[in-house]
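Chain residues, written in single-letter form:
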Amino acid sequence: MAQTAAAIGQVPFTWEGTDRAGKKVKGKIVAANETAVRQELRRQGVTPKRVRKQSMLFRKQGKVKTADIAIFSRQLATMMTAGIPLVQSFDIVGAGHENPAMQKLIFAIKADVEGGSSLADALAKHPLHFDDLFVSLVAAGEQAGALETLLDKIATYKEKTEAIKKKIKKALFYPAAVVVVAVVVTVILMLYVIPEFESLFKGFGADLPAFTRMVIDVSKFVQSTGWLILLLFVGGVIAFLQAKKRNRGVQHFVDRAMLRIPIIGMILNKSAIARYARTLSTTFAAGVPLVEALDSVAGACGNIVYETAVKKMRDEVATGQRLQRAMENTDLFPNMVNQMIAVGEESGSLDAMSAKVADFYEEEVDNAVDSMSSLLEPLIMAILGVLVGGLVIAMYLPIFKMGSVV
């Protein structure tokens, strides 16, 4: 498959042809136009038979995701470790990427590097995708002449953090999805099924059981004010999300409350500790001074409670306090973590001990998510059974009552 350099504004083409041995080959290439595609293919010894511009109508434009950045980091690290020059690595990685947005980002970085910018400066122009930690680690690698080593560490860090994010999303998604389904089913029953039973019961000429009467009253309330409730709910959610995004106090309250939720709070705590330890290990191993490393660590914890605590730890360490003592003062880290960090400080292997803490808590998060899923499944099924079964029983109680009278 042929691959070629591409710049911003170029478009993808699919091609078919024959190589020097007469074997049929095909692939994708990014170029400015069809003529450029044919010229590049001939340069590579391929005789083009058919060149077609890839349709943009059915092609997903997409957006750059954090998972794309993690994959890009690993690919770039692998290319450079194999001895491939940086610019050529961008060509190979960019031309082979299926996400047009990520492809555009890669070639934009490549263009800056070709123009004389350092890789760190080129990445810094895209702060939405490459945070300060990423940029500072790349800068450290360039200054030390060990860019491929630092890229490998960054790739490992990104892969680990993405894995733990997916575990947290998995832990939160399942119960949330079931709750949404339960609400939708209940609303459908209230709006369409229960009114039919109510019209049937009017012909009975007898008093309805209290439970049935209550369910019918709730159904009438939902029918009359359902849209208002929905609007208020949606408005409340939007207002809450905006307040959480813009108000640090609200964000602090929500994050602290999340940490106290049974089971889920335990997972979030372990996740924050794992990310803290993983980021600390990566930055310290890259030669970043501890006080500066804690700045990056604070933003990588994923929870404002831990972020605030790490910034306080940074101030204490800057005044000469040991990291282990500063961690103890926060009352957030288990004794085992504090002791392992203390051992790392005393032995001069803080990065290695932090990595061990991260490995342990990442495994703990994985096990906790699996355990929670096993516990929640029967619990949620029981709740759904009580909810839907209760509505069904409420509707059939009058029929049972009439049958017993007959």
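Scroll up for the structure.
Residues numbered from 1 in each chain as written. Predicted model: local features only at pLDDT ≥ 70, side-chain atom pairs only at ≥ 80, totals over all residues. Heavy atoms only, no water.

Here's the deal with the overall build of the protein
Inclusion rule: Only DSSP runs of H or I covering at least 4 residues are called helices, and only runs of E covering at least 2 are called strands; the numbering of each starts at the N terminus. In this setup the radius of gyration rests on C-alpha atoms only. A globule is expected at 2.2 Å times the number of residues raised to 0.38. Burial classification: accessible surface area is computed with a 1.4 Å probe over protein chains only, and a residue below 20% of its type maximum counts as buried, one above 50% as exposed, and the rest as partly exposed. Throughout, a contact is declared for two residues whenever any of their heavy atoms are within 4.5 Å. Residue burial considers only the protein chains on display, and all accessible areas are found by Shrake-Rupley using a 1.4 Å probe.
When you go through the protein residue by residue, the secondary structure sums to 15 helices and three strands. Over its C-alpha trace the protein gives a radius of gyration of 29 Å, far above what one expects of a compact globule, namely 22 Å for 406 residues. Counting only C-alpha atoms and orienting by the principal axes, one finds that the protein spans roughly 90 × 70 × 35 Å. Counting only residues that meet the buried cut, the protein has 41% of its 406 residues in that class. Counting only contacts in the protein whose residues sit at least 6 apart along the sequence, the fraction spanning at least 24 positions is 61%. Total accessible area on the protein stands at roughly 22,300 Å², and carbon and sulfur atoms take up 61% of it.

A look at the packing of helix H7 (residues 147–201) against helix H10 (residues 264–285)
Condition: Angles here are taken between N-to-C directions and fall from 0 to 180 degrees, while the axes themselves are lines fitted to C-alpha atoms, restricted in helices to the stretch in contact. Angles below 35 degrees are treated as roughly parallel, those above 145 as roughly antiparallel, those between 65 and 115 as roughly perpendicular, and all remaining angles as oblique. In this classification, Asp, Glu, Lys and Arg are treated as charged, Ala, Val, Leu, Ile, Met, Phe, Trp, Tyr, Cys and Pro as nonpolar, and every other residue, Gly included, as polar.
In contact at an axis separation of 10 Å, H7 and H10 are set at 175 degrees when each is read in the N-to-C sense. When the axes of H7 and H10 are compared, the pair comes out roughly antiparallel. Together, Lys153, Tyr157, Lys160, Ile164, Lys165, Ile168, Ala171 and Leu172 of H7 and Ile264, Ile267, Leu268, Ser271, Ala274, Arg275, Arg278, Thr279, Thr282 and Ala285 of H10 make up the contact between the two elements. Partitioned by chemical class, the residues of the contact of H7 with H10 number 10 nonpolar, three polar and five charged.

Regarding the pattern of salt bridges
Spelled out, the test is: The rule for a salt bridge is simple: a side-chain nitrogen of Lys or Arg has to be within 4 Å of a carboxyl oxygen of Asp or Glu.
By the definition in use, this model includes 16 salt bridges. For Arg50, the salt bridge identified is with Glu16, shortest N-O distance 2.8 Å. Note that Arg50 is positioned in strand S3 (residues 47–53) and Glu16 in strand S1 (residues 11–18), a separation of 34 residues in sequence. Its relative accessible area of 39% is what places Arg50 among the partly exposed residues. Taking relative accessible area as the criterion, Glu16 reaches 34% and is therefore assigned partly exposed.

Focus on unusual backbone geometry
Its identity is not glycine, yet Asp331 carries a phi of approximately 60 degrees, on the positive side. Here Asp331 is to be found in the loop between helix H13 (323–330) and helix H14 (335–347).

Observations concerning the environment of Tyr157
Here Tyr157 is to be found in helix H7. Taking the C-alpha atoms as reference, Tyr157 lies 13 Å from Phe130; in sequence the two are 27 residues apart.

Looking at the environment of Gln223
Note that Gln223 resides in helix H8 (residues 210–246). Considered as a pair, Gln223 and Thr279 are 56 residues apart in the sequence and their alpha carbons are 52 Å apart. Filtering out sequence-adjacent residues up to four positions away, Gln223 remains in contact with Met190, Leu191 and Pro195.

Examining the packing of aromatic side chains
What counts, and what does not: Each pair of aromatic rings taken from Phe, Tyr and Trp, with Trp reduced to its six-membered ring, is defined by centres within 6.5 Å and is described as stacked if the planes are under 30 degrees apart, edge-to-face if over 60, and tilted in the remaining cases.
Here the structure, examined in full by the defined rule, presents seven aromatic pairs. When the centroid spacing of 6.1 Å and the interplanar angle of 65 degrees are considered together, the rings of Phe72 and Phe130 count as edge-to-face. Here Phe72, found in helix H2 (residues 66–81), pairs with Phe130, found in the loop between helix H5 (119–124) and helix H6 (132–144); they are 58 residues apart in sequence, far enough to count as distant. Per residue, the accessibility class of Phe72 equals that of Phe130, and both read buried. On the numbers, 5.0 Å between centres and 65 degrees between planes, the contact of Phe130 with Phe134 is edge-to-face. Side by side, Phe130 and Phe134 carry an identical accessibility label, which is buried.

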